[in-house]
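Descriptive structure summary
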Amino acid sequence: NDVLLAEPRGFCAGVDRAIEIVERALTRFGAPIYVRHEIVHNTYVVNDLKAKGAIFIEDLAEVPPGATLVFSAHGVSRQVRDEAQQRGFQIFDATCPLVTKVHVEVAKLAREGFEFIMIGHKGHPEVEGTMGQLSDGIYLVEDVADVARVQPRGRQLAVVTQTTLSVDDAAQILAEVKRLFPHVREPKQQDICYATQNRQDAIKVMAPQVDIVIV
Ligand code: SF4
């Protein structure tokens, strides 16, 4: 049987960078290094880092005083960032710059009075981090039907997207957002990252040529 390899494949630059930050922290400061949330959803990588002395946590209460803490590529809410600072951890921020770009945009437009529709998946760490840049005025929509439930208080409305969505699903939801809120402000450059988009494009080319796809 023939095996086709997708191109591109493997980790994106954001995840590579996050893994390297954890490895450098381990080399420089020694184990243990605490990491908030699994740095990448890949058991082999996580187990390898665990063996080297990384401890993955979800709740900052699990981190002892004075410890070194890495934020994963998904980014964190303001509340998590503030709490980590208050607890006095040594912090290394491995948030992907493409996620930070969304955080910066949300903070900037919120200061100008905008509310937000966020297209994404409930409970995903990146969505929690981005929604958590604001205390209110950001509404999550997961599908087309959710859009009609959004009731913004004012007229200034912007849309942001989880970076790792299906481009096709997001396009349908965005079309509904624009239909119901024609004045909505869209990002200059879409938030779904190039790495996500390129991998989806590669799969679309491959899928008709193969019997099964292994991810
Ligand atoms: S935003 Fe894209 S490049 Fe950055 S970590 Fe997520 S998938 Fe990777």
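Values in this document were obtained by computation on a predicted structure and should not be read as measured data.

Parameters and conventions
- Residues numbered from 1 in each chain as written.
- Predicted model: local features only at pLDDT ≥ 70, side-chain atom pairs only at ≥ 80, totals over all residues.
- Heavy atoms only, no water.
- Helix = DSSP H or I, 4+ residues; strand = E, 2+ residues; numbered from the N terminus.
- Axes fitted to C-alpha atoms, helices over the stretch in contact; angles between N-to-C directions.
- Parallel < 35°, antiparallel > 145°, perpendicular 65-115°, else oblique.
- Contact = heavy atoms within 4.5 Å.
- Nonpolar A, V, L, I, M, F, W, Y, C, P; charged D, E, K, R; others polar.
- Salt bridge = Lys/Arg side-chain N within 4 Å of Asp/Glu carboxyl O.
- Buried < 20%, exposed > 50% of the residue type's maximum accessible area, 1.4 Å probe, protein only.
- Domains from an automatic or database assignment.
- Buried area = accessible area lost by both parts, 1.4 Å probe.
- Pairing = 2+ DSSP bridges.
- Phe/Tyr/Trp six-rings, centres within 6.5 Å; stacked < 30°, edge-to-face > 60°.

The next point concerns the environment of Tyr194. Relative to the assigned elements, Tyr194 resides in helix H8 (residues 194-206). With 96 residues separating them in the primary sequence, Tyr194 and Leu98 have C-alpha atoms 9.5 Å apart.

Turning to the packing of helix H1 (residues 13-29) against helix H2 (residues 43-52), a few remarks are in order. Viewed as axis vectors pointing N to C, H1 and H2 meet at an angle of 10 degrees, and their least axial separation amounts to 11 Å. As the angle between them shows, H1 and H2 are arranged roughly parallel. Contacts from Ile19, Val22, Glu23 and Leu26 of H1 reach H2 at Val45, Asp48, Leu49 and Lys52. Residue composition of the contact of H1 with H2, grouped by class: five nonpolar, no polar and three charged.

Across all of its chains, the model carries 15 salt bridges by this definition. The partner of Lys108 in a salt bridge is Glu112, with the nearest N and O atoms 3.8 Å apart. Since its relative accessible area comes to 36%, Lys108 is described here as partly exposed. Owing to a relative accessible area of 43%, Glu112 belongs among the partly exposed residues under this scheme. What emerges from the salt-bridge pattern is a single network uniting Glu23, Asp48 and Lys52.

Here the protein is described as being made up of domain 1 (13-96) and domain 2 (98-192). Distance between the C-alpha centres of domain 1 and domain 2: 27 Å. Contact with domain 1, which involves ten residues of that partner, is made by eleven residues of domain 2. Considering only the side of domain 1, the residues that lose the most area to domain 2 are His74, Arg78 and Cys96, jointly responsible for 55% of the buried surface there. Inspection of the region where domain 1 meets domain 2 yields zero salt bridges.

Another point: the sheet that holds strand E2 (residues 54-57). The strand order E2-E1-E3-E4 describes an open sheet built from four strands, whose pairing is parallel. Every other strand in the sheet has two partners, leaving E2 and strand E4 (90-93) as the edge strands with one partner each. For this sheet the average axis-to-axis angle between neighbouring strands, irrespective of direction, equals 25 degrees. Looking at chain direction, strand E1 (residues 33-36) and strand E3 (residues 68-71) are connected through three bridges and run parallel. Residue pairing in the sheet places Tyr34 in a bridge with Leu69 of E3.

Residue Glu7 is joined to Pro8 through a cis peptide bond whose omega torsion reads 0 degrees. Within the secondary structure, Pro8 is located in the segment before H1. Cis geometry marks the peptide bond from Ala31 to Pro32, where omega comes out at -5 degrees. At His37, a position not held by glycine, the phi torsion is positive, near 75 degrees. By relative accessible area, which is 13% here, His37 ends up buried.

Along the chain, the position of Val159 falls in strand E7 (residues 157-161). Residues Val159 and Val177, 18 residues apart in the sequence, show an inter-C-alpha distance of 8.3 Å. Setting aside residues no more than four positions away along its own chain, Val159 makes contact with Ile117, Ile119, Leu174, Val184, Arg185, Glu186, Pro187 and Asp191.

Counted under the stated rule, the structure contains one aromatic pair. Considering the side-chain rings of Phe29 and Phe92, the 5.6 Å spacing of their centres and the 40 degrees angle between planes classify their relative orientation as tilted. Residue Phe29 is found in helix H1, and its partner Phe92 is found in strand E4; the two are separated by 63 residues along the sequence. Residue classification places Phe92 among the partly exposed positions, given a relative accessible area of 27%.

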